[in-house]
Amino acid sequence: MIYATKARSGIFAAMLRTSTLLAAVCAAALAYGQAGTRDCAAHTITERYLAEQGLPTDVLSALPHVESVQRGGTYTVPVVVHVVYNTAAENVSDAAINAIINEMNQDYSQSNPDLSGVRSQFTGVIGNVGFEFCLAQVDPSGNPTTGITRTQTTETWFDPDNETNLMKSPPQGKSPWNPSQYLNIWVCDITSGAPGGLITVGYAYLPVGGVVGSNIDGLVIDYNYGLDVGDRTATHEIGHYFGLNHTFDDNGGCGNADGFTDTPNSDSPTFSCSNTNLMKCGVLTQYENFMDYANCSAMFTDQQAAYMAGIITGVRAGLLTSPACQGVGPTGYCTPTSVNGTSDGDFINTVQLGSINNANTGGTSAPTYTNYSASQSTTLSPGTQYTLTIQGGTYQPDHYAAWIDYDQDETFETAEKLGEFITNATNQTQTITFTVPANATVGTTRMRVRGVYHNTGEPTPDTDPCFAYAYGETEDYGITIGQSSTGPCIPTSANGTSDGDFINRVAVGTINNANSGGDTAPTYTDFSASHATSLIRGSAYTLTVQGGDYQPDHYAAWIDYDQDDTFETGEKLGEFVTSAVNQTQTISFTVPVGAPLGSTTMRVRGVYHNTGEPTPDTDPCFDYAWGETEDYGITITTSTGVDELVAAGFSMFPNPANEAVNLKFTSSAPAVVSIVDLQGRTVSTARTNGALHILDLHGIAAGAYMVQVLQDGRVSTERLQIGASGN
């Protein structure tokens with residue numbers, strides 16, 4: 001539960017509730033910035049609840065055991081908010097609810113702006129939960145909805161002590177929507193009648209003792225205190241909903257109260273962040289954790305994130321198969337379910353196509369359906385042939401098939417099937433070659449990949465794109481169908497670089513093409529295969545360009561953000577004119593937040609504007625008489641919470657690497673080295689005190705990662721490509 005003083009606190013503590021009076025077991029608390037203590041007997045209340053069910057009362061042991069979950073993509077959680085009100089003030093606005101949903105999405109995707117306030121001692125364990133909360137679009141009857149219900153009640157307020165669940169059913173409240181497929185949140189007045197001192201501003205049930213799927217499953221927050229953006233009431237309570245305990249020991253001991261090793265032991269809650277060196281139980285207190293009470297909470301840890309992922313793919317897996325966020329009827333893609341799912345090894349382990357590289361994501365605890373379209377996508381051109389690579393699971397024979405919704409009608413027709421194969425070995429990899437139809441509708445659509453077993457009585461020999469096979473897994477990916485094109489224009493030049501009009505260096509991200517110019521250099525070079533970098537939506541970058549031996553020349557750059565093989569005016573990064581030979585200048589730019597994900601091209605031109613040629617703005621395609629043009633590879637990605645910067649404090653070789661990578665530091669100061677995947681999850685951490693360190697890569701799946709070094713109070717980051725580790 002979350003408690004606050006009547007004066008103002010609005011921050012949190014949440015645990016199971018029974019109808020036992022809390023006044024007898026919770027001490028008074030003071031508002032932020034005031035001296036005082038804060039205590040909540042939620043742990044005791046949980047024990048009482050378990051006792052009432054005739055179950056063992058060890059709270060930590062009562063929580064579900066989860067298997068390790070290592071998956072990319074995003075877990076979508078359908079939410080319904082029930083506003084139960086007596087007065088007009090309690091009938092909170094849609095805007096207030098949407099603001100809290102937005103804050104929840106930031107906190108559970110490691111994108112909250114206050115994350116930068118986490119002290120350096122804990123930045124290495126920040127976890128990206130990977131949850132996305134959406135207000136339901138479909139109600140349990142299949143009808144369209146806003147995801148918000150409103151019920152007027154005669155209750156002037158709901159006393160959390162003896163009316164804990166009264167708002168969850170008629171006549172005074174609203175019954176939950178199917179708790180197995182919706183996260184139910186009740187917003188109502190649970191504070192105005194409190195006598196003063198400590199008040200409850202929110203509470204939730206943990207997934208123990210038969211709570212999951214019952215008519216009391218969900219969370220309750222106060223219409224006033226609980227909806228303040230920044231107080232994190234909902235973020236904290238949802239942590240309990242997905243099985244997290246407080247990071248401190250509710251009984252005042254120094255034991256491992258929450259079961260995690262990356263949340264330091266603490267014997268009491270923390271309220272203020274003013275003492276940055278606060279020690280409890282002999283260790284530095286992690287007061288930034290959302291599951292403590294401090295007024296600067298900003299993070300979950302890797303182990304907390306992994307546990308919540310295990311809960312949503314385990315006892316709360318019904319949320320992942322819910323159609324609530326898919327749209328109504330024919331206006332949404334079908335979402336297949338499966339009774340046994342991946343439990344017997346019928347899963348998809350790898351999908352690769354274009355810039356989609358979703359490797360080593362399968363397992364026997366994987367969800368039966370995952371929508372990767374927001375995080376894994378690629379662009380395809382009409383009339384072009386492609387190869388889709390799929391690796392199967394640990395059961396065989398299974399059928400693997402794929403479709404692309406070319407006509408964008410949210411239905412996978414027979415003609416849109418890319419192909420199908422049957423495995424005859426475990427973890428087998430096979431390919432499907434296909435050609436995008438010339439008449440495919442331009443725009444964003446989906447690719448579906450299924451790996452299923454054809455049981456007796458189920459559709460066979462051709463896999464159905466929607467049928468609920470008893471065993472198997474389904475994954476959706478983002479596809480953008482581009483304009484038919486033979487590629488970007490390739491400018492020519494009568495005199496080219498012969499008089500010194502050339503490009504000598506281009507640097508941005510991991511691209512650093514230095515000393516490449518000269519008066520015998522070609523007029524056009526496509527460096528996209530050898531010089532490429534990833535850029536993150538909404539992030540700012542600096543492009544460095546060095547000119548040639550002639551001046552004044554114009555230097556300009558573009559990125560084909562919409563991936564149509566045309567460099568439009570709106571895609572221009574900038575332009576400058578040199579005033580000295582071999583002059584270096586920079587162009588600052590920001591990647592549009594709506595830029596399509598996937599691979600595209602950056603063009604850099606260095607040209608002289610002769611009489612009668614386009615001026616003062618350089619044209620991306622015109623055949624200027626003097627000059628050079630270079631193209632580079634760009635991959636547009638989403639933010640992972642990992643800063644993608646060229647490392648300033650260390651060098652790394654070899655890269656790509658297989659079994660190990662060598663790190664050479666510019667300083668011999670102690671350093672913490674972490675390998676972080678592109679979902680922002682830490683997969684390996686090591687400490688070193690020397691100028692050289694060998695980083696062991698055994699056990700880490702092949703793919704793209706970031707190596708993050710914390711040294712001398714500074715974090716340096718560089719991309720690492722890991723090949724097959726040989727294990």
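Conventions adopted
Residues numbered from 1 in each chain as written. Predicted model: local features only at pLDDT ≥ 70, side-chain atom pairs only at ≥ 80, totals over all residues. Heavy atoms only, no water. Salt bridge = Lys/Arg side-chain N within 4 Å of Asp/Glu carboxyl O. Helix = DSSP H or I, 4+ residues; strand = E, 2+ residues; numbered from the N terminus. Buried < 20%, exposed > 50% of the residue type's maximum accessible area, 1.4 Å probe, protein only. Core = buried A, V, L, I, M, F, W, Y, C linked by side-chain atoms within 4.5 Å. Contact = heavy atoms within 4.5 Å. Disulfide = S-S within 2.5 Å.

Asks: Hey, could you go over the pattern of salt bridges for me, with residue numbers and the actual values?
Replies: Per the counting criterion, the structure on display carries 11 salt bridges. Between Asp 476 and Arg 446 there is a salt bridge, with the nearest N and O atoms lying 3.0 Å from each other. Within this pair, whereas Asp 476 is found in strand 21 (residues 471-481), its partner Arg 446 is found in strand 20 (residues 443-453), the two being separated by 30 residues in sequence. Both residues of the pair, Asp 476 and Arg 446, belong to the buried class. The shortest N-O distance in the salt bridge between Lys 572 and Glu 575 comes to 2.4 Å. Under the relative-accessibility criterion, Lys 572 is labelled partly exposed at 25%. Each of Glu 103, Asp 107, Asp 114 and Arg 232 takes part in a single network of salt bridges with overlapping partners.

Asks: Explain unusual backbone geometry to me, and be specific about the residues and the numbers.
Replies: In this structure, the amide linkage connecting Pro 170 to the following residue, Pro 171, adopts the cis form with an omega of 5 degrees. Turning to its location among the elements, Pro 171 is positioned in the loop between strand 5 (148-152) and strand 6 (183-188). The step from Thr 615 to Pro 616 runs through a cis peptide bond, and the omega angle for that step is 5 degrees. Relative to the helices and strands, Pro 616 is located in the loop between strand 30 (598-608) and strand 31 (626-637).

Asks: I'd love a proper account of the nonpolar core, names of residues and values included.
Replies: Counting residues in hydrophobic clusters, the biggest one holds 47 residues, and the most contacted among them are Phe 131, Phe 133, Leu 183 and Phe 242. Elements represented by at least two residues in this core include exactly strand 2 (75-85), helix 3 (94-107), strand 4 (131-135), strand 6, strand 8 (219-222), helix 5 (233-241) and helix 6 (302-312). With residues up to four places along the chain from it excluded, the contact list for Phe 133 reads Val 77, Val 79, Ile 101, Met 104, Asn 105, Tyr 108, Leu 183, Ile 238 and Phe 242. With 26 residues, the next largest nonpolar core counts Ile 503, Leu 573, Val 591 and Ile 634 among its residues.

Asks: I'd like a rundown of the state of the cysteines, residues and numbers included.
Replies: Using the criterion set out here, one finds 5 disulfides in the structure. With a sulfur-sulfur separation of 1.8 Å, Cys 489 is cross-linked through a disulfide to Cys 621. In this structure the cystine formed by Cys 489 and Cys 621 twists about its S-S bond by roughly -75 degrees; its chirality is therefore left-handed. Taken together, the residues span a long stretch of sequence, with Cys 489 in the loop between strand 21 and strand 22 (505-508) and Cys 621 in the loop between strand 30 and strand 31 at a distance of 132 residues. According to the relative accessible area criterion, Cys 489 is partly exposed, its value standing at 26%. A relative accessible area of 31% means that Cys 621 is categorised as partly exposed.

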